[in-house]
Amino acid sequence: MHSRRHSTSRRVVLRIAVCALGFRVVSAIIALLVNVTFPLYQREQFTVFGSTSPFWDTFARYDSGYYEGIAWSGYAPLAGGRSNIAYFPVYPLLMRYVGRLFGRHHAVYFISGIGIAWVSFILAMVALYYLARLDLSRRQAERAVLLTTIFPFAFFFGVAYSESTFLLFAVLSFYFFRTRRWVLGGLCGAVATATRVPGIMMMPALAWVALQTTSTTSATSTVSSGAPATRDRMWAGVGLVLAASGFGAYCFYIYQLTGNPFEWAATLQRWGYHPGGAPWVAPLRLIQHLVTHPYAYLASNPMAPYETLYGVTGILFALSIPFVWMKFGAGYGLFMLLNLWLPLSSGAFEGVGRYCSVLFPAFLCLATIRSRTLSTAMIVLFSLFYTLGLALFTTIHPIF
């Protein structure tokens, strides 16, 4: 029986990996067709090979240039101005060291970044399946993977961006914490917190998971066997310290570089991000526009369609937090709450779609919907808006 179950699990994992790879290939073909069919919204800021490539350039837009610049020549602080220190190091360093295996050339670094994103995405989908199986049936876990894959902003997982790498290590960190493998969870958490700025926002969630898991250990231990529970709490603490060390290491590096460990945050503010405000201001403003004069708003403001795509996504994810909290506990709820507070408190919707793409608890929650009609409708809508988002990104509309 155990052998048969293990064989079934291996087949499911192999199917997920193959389908994830196939989906990335199909997305790449669609992006190529879009790129050769529709005009670019604006001129290319850079190209993979130094001249236009209809296929490869679809993977490298906007922030991809900053990641490749860090991989090529490192960080370059600019006192009082915008600089690349706003981008955390794991992904661009992977681009550098993988790229150097094939020669020092800009195109090699870009293509290495694409390969890293694809591999990370495939592994993340497998890891997400295992994490989902801790709470869901096999069919629901597979549906959670599907919804994550076709989420309207999931095209970022297949381009030269850090989202898929972050998702992989965030999911692994939660999985290892929930299965009491504290050191492995801490190491994966360290990679996650050194991959993207929002990584540090997962620390309260990991701490809650650690507290909940070790409390379960204490409750099941007898009076004579209290030592295992104490040892479990100690190793959980070690895991949390390890997880925070990735963020701390980058801050220390920035301190050595600039004299201010949080200069990366000051740089983000110079990019126009000012977190810390009331997170409901921007959503309420968008709702007012869409309720009172939707056509005039969408037709007269050139940024309105993009703001609406981002804003409605952020609002729907925020509304899902209580359901995630009730169904899966405070750990997952905190992860979503804090990672949504960060962008929404800036008063702008820019990048909210990318923030939401890595909020895996929402997809676990959506996978539990029992209505076949509603599930099918959701898959269709996700697929349609995924294609739209991919087309907008490929043609260099302000989707980033």
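Undergrad: How would you explain the overall build of the protein if you had to name every residue and give the values?
TA: When its secondary structure is counted, the protein shows 17 helices and 0 strands. Taking 21 Å as the expected radius of gyration for a compact globule of 400 residues, we find that the protein reaches 21 Å, a close match to that expectation. Each of the 400 residues in the protein was classed as buried or not, and the buried ones make up 50%. When the accessible surface of the protein is summed, it comes to about 18,100 Å², and 68% of that surface belongs to carbon and sulfur atoms. Each charge sign in the protein was given a centre, from 28 positive and 11 negative side chains, and these centres are 14 Å apart.

Undergrad: A description of the side chain of S162 should follow, citing residues and the corresponding values.
TA: Within the secondary structure, S162 sits in the loop between helix 5 (138–150) and helix 6 (163–178). Owing to a relative accessible area of 0%, S162 belongs among the buried residues under this scheme. Within the local environment of S162, its side chain forms a polar contact with the side chain of Y67, the two groups lying 3.0 Å apart. Setting aside anything within four residues of it in sequence, one finds S162 in contact with Y67, Y91, T195 and R196.

Undergrad: Provide a residue-level description of a nonpolar patch on the surface, including the pertinent values.
TA: A cluster of nonpolar residues, V183, L184, L187, M234, W235 and V238, forms a patch on the protein surface that exposes about 500 Å² of accessible area. One can find V183 in helix 7 (residues 182–193).

Undergrad: Explain the packing of helix 11 (residues 281–292) against helix 13 (residues 304–328) residue by residue, including any values.
TA: In contact at an axis separation of 10 Å, helix 11 and helix 13 are set at 120° when each is read in the N-to-C sense. Between helix 11 and helix 13 lies a crossing of left-handed hand. Where helix 11 abuts helix 13, its residues P283, L286, I287 and L290 lie against E307, T308, G311, V312 and I315. The residue inventory of the contact of helix 11 with helix 13, partitioned by class, reads 6 nonpolar, 2 polar and 1 charged.

Undergrad: Quick one: what's the story with the pattern of salt bridges, residue by residue and with numbers?
TA: Overall, the coordinates contain 9 salt bridges when judged by the stated rule. One salt bridge connects E44 with R61, and the closest N-O pair in it is separated by 3.1 Å. With E44 in the loop between helix 1 (2–37) and helix 2 (64–73) and R61 in the loop between helix 1 and helix 2, this residue pair connects regions lying 17 residues apart in the sequence. Residue R61 is classed as buried on the basis of its relative accessible area of 1%. In this structure, E163 and R196 form a salt bridge, with 2.9 Å as the shortest nitrogen-oxygen distance.

Undergrad: Please give an account of helix 7 that cites residues and values.
TA: Owing to its 3.6 residues per turn, the α-helix brings residues three or four apart onto one side. Relative to the 16 Å expected for 12 residues at 1.5 Å per residue, helix 7 spans 16 Å between its end C-alpha atoms, a close match to the ideal helical length. Residues of helix 7 that are buried: W182, G185, G186, C188, G189, A190, A192 and T193.

Undergrad: Please set out unusual backbone geometry residue by residue, giving values where relevant.
TA: Trans is the prevailing form of peptide bonds, just as negative phi is the prevailing case for residues other than glycine. For Y62, which is not glycine, the phi torsion reads 50° and is therefore positive. In this structure, Y62 sits in the loop between helix 1 and helix 2. According to the relative accessible area criterion, Y62 is buried, its value standing at 12%. If you check the backbone angles, I396 has positive phi at about 60° while not being a glycine. Relative to the elements of secondary structure, I396 occurs in the segment after helix 17 (372–394).

Rules of the game
Starting from 1, residues in each chain are numbered consecutively following that chain's sequence as written. Where local features are concerned, this predicted model is filtered to residues with pLDDT of at least 70; where side-chain atom pairs are given and counted, the filter is 80 or more; whole-chain, interface and lining totals use all residues. Hydrogen atoms and water are omitted, and side-chain values are computed over all heavy atoms in the structure. Put simply, DSSP H or I for four residues or longer makes a helix, DSSP E for two residues or longer makes a strand, and each gets a number counted from the N terminus. Only C-alpha atoms enter the radius of gyration, while the globule expectation follows 2.2 Å times N to the 0.38, with N the number of residues. Under the scheme applied here, a residue whose accessible area is under 20% of the maximum for its type counts as buried, over 50% as exposed, and between as partly exposed, the area being computed with a 1.4 Å probe on protein chains only. Using the Shrake-Rupley algorithm and a 1.4 Å probe, accessible areas are obtained, with residue cover drawn only from the displayed protein chains. Neither His nor the chain ends is counted toward charge; the positive residues are Lys and Arg and the negative residues Asp and Glu. For charged residues, the charge sits on one atom: NZ in Lys, CZ in Arg, CG in Asp, CD in Glu. Pairs of N or O atoms are called polar contacts if they sit within 3.5 Å, as long as, within protein, a hydrogen donor faces a hydrogen acceptor (for residues adjacent in sequence, only side-chain-to-side-chain pairs). We call two residues contacting when some pair of their heavy atoms lies within 4.5 Å. Patch members must show over 30% relative accessible area and no salt bridge, and they are joined within 9 Å when carrying like charges or within 5 Å when they are nonpolar side chains of Val, Leu, Ile, Met, Phe, Trp or Tyr. Salt bridge criterion: a side-chain nitrogen from Lys or Arg within 4 Å of a carboxyl oxygen from Asp or Glu. Inter-axis angles, ranging from 0 to 180 degrees, are taken between N-to-C directions of lines fitted to C-alpha atoms, where helices are fitted over the stretch in contact. Crossing handedness is defined as follows: a turn of the near helix away from the far one that is anticlockwise and smaller than a right angle gives a left-handed crossing, while the clockwise case is right-handed. Under the grouping applied here, Gly and all other residues not named as nonpolar or charged are polar, the nonpolar ones being Ala, Val, Leu, Ile, Met, Phe, Trp, Tyr, Cys and Pro and the charged ones Asp, Glu, Lys and Arg. Every helix has an expected span of 1.5 Å times one less than the residues it contains.

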